[in-house]
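Chain residues, written in single-letter form:
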Amino acid sequence: MLITMIETDKIENTAFIKKSIGYLESRGFTNIKADVTDCEIPKSYIRKSTGDKVTPDIVAMKNGRKYFFEISLKSDKPKLLKSKWLFLDTLSRMNSNRFRIITTKGHFKFTDTMLEDINLTNKTPIKI
């Protein structure tokens, strides 16, 4: 099983991912890798327990530190999204990296509810 952005969501939201990349570039992020067709795809991680493959939506560098970015848009499978966010948050803390959530108008409530459900209330979503 592959836990990237759910495939149907990914097709619908490619434009938002590209908009997010532009936003990050304007904020000084470099070496941006994204899980879209015309960009270099970030490294995937495999969970030993289930064999699931997890790929962050966007990975970028700033001031020598790696940042993982996840796009938060309403999804039909919130359980997969929660699992992915917890994994990436844990991975980023283990390696002294950063994990951020990017969302947009109409998805704030969904994002806040998801973060509350998995006890990541210390994360403030980036609103584009």
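Refer to the structure above for everything that follows.
The rules behind each value
Residues numbered from 1 in each chain as written. Predicted model: local features only at pLDDT ≥ 70, side-chain atom pairs only at ≥ 80, totals over all residues. Heavy atoms only, no water. Salt bridge = Lys/Arg side-chain N within 4 Å of Asp/Glu carboxyl O. Helix = DSSP H or I, 4+ residues; strand = E, 2+ residues; numbered from the N terminus. Buried < 20%, exposed > 50% of the residue type's maximum accessible area, 1.4 Å probe, protein only.

What is the right way to look at the pattern of salt bridges in this model?
This structure, assessed with the given rule, holds 7 salt bridges. Of the charged contacts in the structure, one is a salt bridge between D38 and K18, with a shortest N-O distance of 3.5 Å. Pair noted here: D38 is in the loop between β2 (30-34) and β3 (45-46) and K18 is in helix α2 (residues 14-26), with a separation of 20 residues, a long-range link. Assessed through its relative accessible area of 53%, D38 is described here as exposed. Using a relative accessible area of 40% as the deciding quantity, one classes K18 as partly exposed. The salt bridge partner of K33 is E40, with a shortest N-O separation of 3.7 Å. For K33, a relative accessible area of 23% corresponds to the partly exposed category. Three or more residues are tied together by salt bridges with common partners; here these are D57, E70 and K84.

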